[in-house]
Amino acid sequence: MVVQHPAAIEPGNEAIDLRSDTVTKPTEAMYERMRSAPLGDDGLDGDPTALELERRTADLLGKEAGVFVPTCTMANLIAVLAQAQRADQILVGDNAHMLRMERGNAIFTGVCIRAVPTFRGAVDRDAVAEILTVDRSRIATSLICLETSHNAAGGTVLTLPHMEAIRALAAEYGIRVHLDGARIFNAAVALDVAPERIASHADTVAICLSKGLSAPAGAVLVGPAETIRRARQMRKLLGGTQRQIGVLAAAGIEAIEVMRHRLGEDHARAARLSEALNRAGTTLAASTPETNIVQVDVSKTGRTSFEWVDALTAGGVLTRTVDPALLRCVTHRHITDADIDRAAGVFLTLAGQEQHA
């Protein structure tokens, strides 16, 4: 079949980038903070702006201390290094980002990663309890890792009662809880709670500054002061000391102070895209988003998700695959209502051509 692509690709129409909220650019306010940020050597006396970001993030999440690192992957890695011994076991959801996309964790830490069944991103509490009971005499479990909002599950958010139940179970066995909170502020918006409420159910929390918060790079790990001291040592061993890094930390301060308060706009636009695709009655099936991620099931369209990515790209809409049957669309501050409507039109035009082929 020869596909006639929609008018979305006419000259003058920029591509609508729904691949990830990592494509966001810094705001003008961030650039202003970056230009005027006090700087120092973060590997020697400390960079004052980085120290301020660490303090503010820790305060915001109700923790004693924080450490600024290049990426959330490193934040998760040093969280494990600081809280687990080699040959310990850590429990991670079977579709968690730490398992699917950060597999270097096992290589650098020397821990055994045990995958736990999940439903919509939430680890099965009974499965965790069974593992802890059965494995008690075989291997030491030192950490349970959670994720919210949950990337692979389509931006789903853990409920506070679920997190409380996992934290209580961990405490019963003397185990710590780490939260991959790369998009914790999206989760806080979805639950309409202060971020500290979510963070209170974990010992350590990693947050990403370069997704919907629009900072150009960086992440922060927060937790107990002694744990963060060890994490800072691990950062140095991994080559994560960043010298006059206040230039980036300044953007991070703007991110946590200002940008987290507008994430609800992204959630609304994700819902707008989902509703537009579902009400059209095509073979496409979009998830109902809890945050800013929409998964589109293309399994009944006659094309794989990879073929859909190519066709949508030609139509001026950039997306990514989850698996051969699923696409992922992520809204962010560069996406407008008009962009959503135009993107939905491209989807539906292509779906209509498929149905009438």
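Residues numbered from 1 in each chain as written. Predicted model: local features only at pLDDT ≥ 70, side-chain atom pairs only at ≥ 80, totals over all residues. Heavy atoms only, no water.

**Some details on the overall build of the chain**
Secondary structure summary: the chain contains 14 helices and 15 strands in total. For a compact globule of 357 residues, the expected C-alpha radius of gyration is about 21 Å, and the chain comes in at 21 Å, within 12% of that figure. Considering only C-alpha atoms, the chain reaches an extent of 60 × 55 × 35 Å along its principal axes. In the chain, buried positions account for 55% of the 357 residues. Here the analysis covers contacts within the chain between residues at least 6 apart in sequence; of these, 73% occur between residues at least 24 apart. Carbon and sulfur atoms form 52% of the exposed surface of the chain, whose accessible area is close to 14900 Å². In the chain, which carries 37 positive and 43 negative side-chain charges, the distance between the mean positions of the two groups comes to 3 Å. (Helix = DSSP H or I, 4+ residues; strand = E, 2+ residues; numbered from the N terminus. Rg over C-alpha atoms; globule rule 2.2 N^0.38 Å. Buried < 20%, exposed > 50% of the residue type's maximum accessible area, 1.4 Å probe, protein only. Contact = heavy atoms within 4.5 Å. Areas by Shrake-Rupley, 256 points an atom, 1.4 Å probe, with all protein chains shown as cover. Lys, Arg positive; Asp, Glu negative; His and termini not counted. Charge placed at Lys NZ, Arg CZ, Asp CG, Glu CD.)

**Quick look at the packing of aromatic side chains**
Where two aromatic rings form a pair, the distance of their centres and the angle of their planes describe that pair. Applying the stated criterion to the full structure yields one aromatic pair. Ring centres of W308 and F347 lie 6.0 Å apart, and the angle between their planes is 25°; this geometry places the pair in the stacked category. Taken as a pair, W308 in helix α13 (residues 305-314) and F347 in helix α14 (residues 337-355) lie far apart in primary sequence, 39 residues in all. Here F347 falls in the buried class, since its relative accessible area comes to 0%. (Phe/Tyr/Trp six-rings, centres within 6.5 Å; stacked < 30°, edge-to-face > 60°.)

**Brief notes about the nonpolar core**
Grouped together as the largest cluster of nonpolar side chains are 53 residues, with contacts concentrated most on L146, I184, I198, V205, I207 and L209. Membership of the second largest hydrophobic core comes to 26 residues, among which are L18, V296, V298 and A343. (Core = buried A, V, L, I, M, F, W, Y, C linked by side-chain atoms within 4.5 Å.)

**Here's the deal with the sheet that holds strand β12 (residues 293-297)**
The four strands are arranged β11-β12-β15-β14 in an open sheet whose pairing can be described as antiparallel. Both edges of this open sheet fall to β11 (285-286) and β14 (320-323), since each of them pairs with a single strand only. (Pairing = 2+ DSSP bridges.)

**So, the pattern of salt bridges**
Within this structure, the stated rule accounts for 24 salt bridges. Put simply, R183 and D21 hold a salt bridge, and the shortest N to O gap is 2.7 Å. Separated by 162 residues along the polypeptide, R183 in the loop between β8 (176-180) and α8 (184-191) and D21 in the loop between β1 (16-17) and α1 (28-36) bring together distant segments of the chain. Owing to a relative accessible area of 4%, R183 belongs among the buried residues under this scheme. You can call D21 buried: its relative accessible area is 0%. The partner of D41 in a salt bridge is R243, with the nearest N and O atoms 2.9 Å apart. Taken as a pair, D41 in the loop between α1 and α2 (48-60) and R243 in the loop between α10 (225-237) and α11 (246-257) lie far apart in primary sequence, 202 residues in all. Salt bridges sharing common partners tie together R262, E265, D266, R269, R272, D337 and D341. (Salt bridge = Lys/Arg side-chain N within 4 Å of Asp/Glu carboxyl O.)

**Thoughts on the side chain of S305**
Positionally, S305 belongs in helix α13. Classification of S305 by relative accessible area gives buried; the value is 0%. What S305 contacts, discounting residues up to four positions off in sequence, is V298, T321, D323, P324, A325, L326 and L327.

**Re the sheet that holds β8**
As summarised here, the arrangement of the seven strands in space is β2-β10-β9-β8-β7-β3-β4, forming an open sheet in which the pairing is mixed. Two strands lie at the open edges of the sheet, namely β2 (65-69) and β4 (112-116), each paired on one side alone. Strand-to-strand, the axes of this sheet are offset by a mean angle of 20°, without reference to chain direction. Pairing between β2 and strand β10 (residues 219-223): five bridges, direction antiparallel. From the neighbouring strand, F68 faces β10, where its bridge partner is V220. Sheet contacts for helix α7 (residues 160-172): β7 (141-147) and β8; angle to β7, the most-contacted strand, approximately 175°. (Axes fitted to C-alpha atoms, helices over the stretch in contact; angles between N-to-C directions.)

**Quick word on the confidence of the model for the chain**
Summing up the model confidence of the chain, the mean pLDDT is 93 and the portion of residues at 70 or higher is 95%. This model gives residues 1-9 a pLDDT under 50, and the stretch forms 24 contacts once residues within four places in sequence are excluded. (pLDDT = per-residue confidence, 0-100.)

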